[in-house]
Amino acid sequence: MKWHHWILVSFLAIVTARAEPSTEVKTFEAATDAMSKEEVLGYMGRGPDQQISPHLWRYRGNWTNSDTLEKFNTVDIAFGMLTDSHKYGVMRYTWDNTSDNTDGTP
């Protein structure tokens, strides 16, 4: 029985290590919270799929809320002045799972 337990633990460790942080909503928000635009570009590894305004960027992808298992294909990231630090960065997120994919991105 111990051997099976070890295999299960090893499997879970490998799956966890290979999981991409940006696929989970909570992890994505925690990682990018209060980031500047330059930091978001570095974290995402690319620019926004659509720059709605200088203060609102739209990314398309596949994200899952780890609590509700709800899937999203779009996140809008709003930038603005952070009141507690007087720093310009990410203020809020708007998640959408109904947005049509008109630009052909995954």
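Here we summarise the structure given alongside this text. (Residues numbered from 1 in each chain as written. Predicted model: local features only at pLDDT ≥ 70, side-chain atom pairs only at ≥ 80, totals over all residues. Heavy atoms only, no water.)

1. Focus: the packing of aromatic side chains
Thinking step 1. For the coordinates displayed, the defined rule picks out eight aromatic pairs.
Thinking step 2. Ring geometry for F28 and Y93: centres 5.8 Å apart, planes at 70°, overall edge-to-face. Of the two residues, F28 is situated in helix α2 (residues 25–32) and Y93 in strand β4 (residues 87–96); the sequence distance between them amounts to 65 residues.
Thinking step 3. On the basis of relative accessibility, which here comes to 0%, the residue F28 falls in the buried class.
Thinking step 4. For Y93, a relative accessible area of 17% puts it in the buried group.
Thinking step 5. The rings of F28, Y43, W63, F72, Y93 and W95 are connected pair by pair, giving a single aromatic cluster.
Thinking step 6. One cation-aromatic arrangement involves K37 over F79; the distance from NZ or CZ to the ring centre is 5.7 Å. (Phe/Tyr/Trp six-rings, centres within 6.5 Å; stacked < 30°, edge-to-face > 60°. Helix = DSSP H or I, 4+ residues; strand = E, 2+ residues; numbered from the N terminus. Buried < 20%, exposed > 50% of the residue type's maximum accessible area, 1.4 Å probe, protein only. Lys NZ or Arg CZ within 6 Å of the ring centre and 35° of its normal.)

2. Here we look at the sheet that holds β4
Thinking step 1. Strand order in the open sheet formed by four strands is β1-β2-β3-β4, and the pairing between neighbours is antiparallel. Only two strands of the sheet have a single neighbouring strand rather than two, namely β1 (50–53) and β4. On average, each strand axis in the sheet is inclined to that of its neighbour by 35°, with strand direction left out of account.
Thinking step 2. Those strands touched by α2 are β2 (56–64), β3 (71–82) and β4, and its axis lies near 165° from that of β4.
Thinking step 3. Set on the sheet, helix α3 (residues 37–44) makes contact with β2, β3 and β4; between it and β2 the angle comes to about 30°. (Pairing = 2+ DSSP bridges. Axes fitted to C-alpha atoms, helices over the stretch in contact; angles between N-to-C directions. Contact = heavy atoms within 4.5 Å.)

3. Here's the deal with α2
Thinking step 1. The set of residues buried in α2 consists of V25, F28 and T32. Down the axis, α2 shows its buried residues gathered within 65° of arc, on one side only.
Thinking step 2. As for α2, its buried residues are in contact with α3, β2, β3 and β4.
Thinking step 3. Looking one or two places after α2, you find A34, whose phi comes out positive at around 70°. (Arc of directions from axis to C-beta.)

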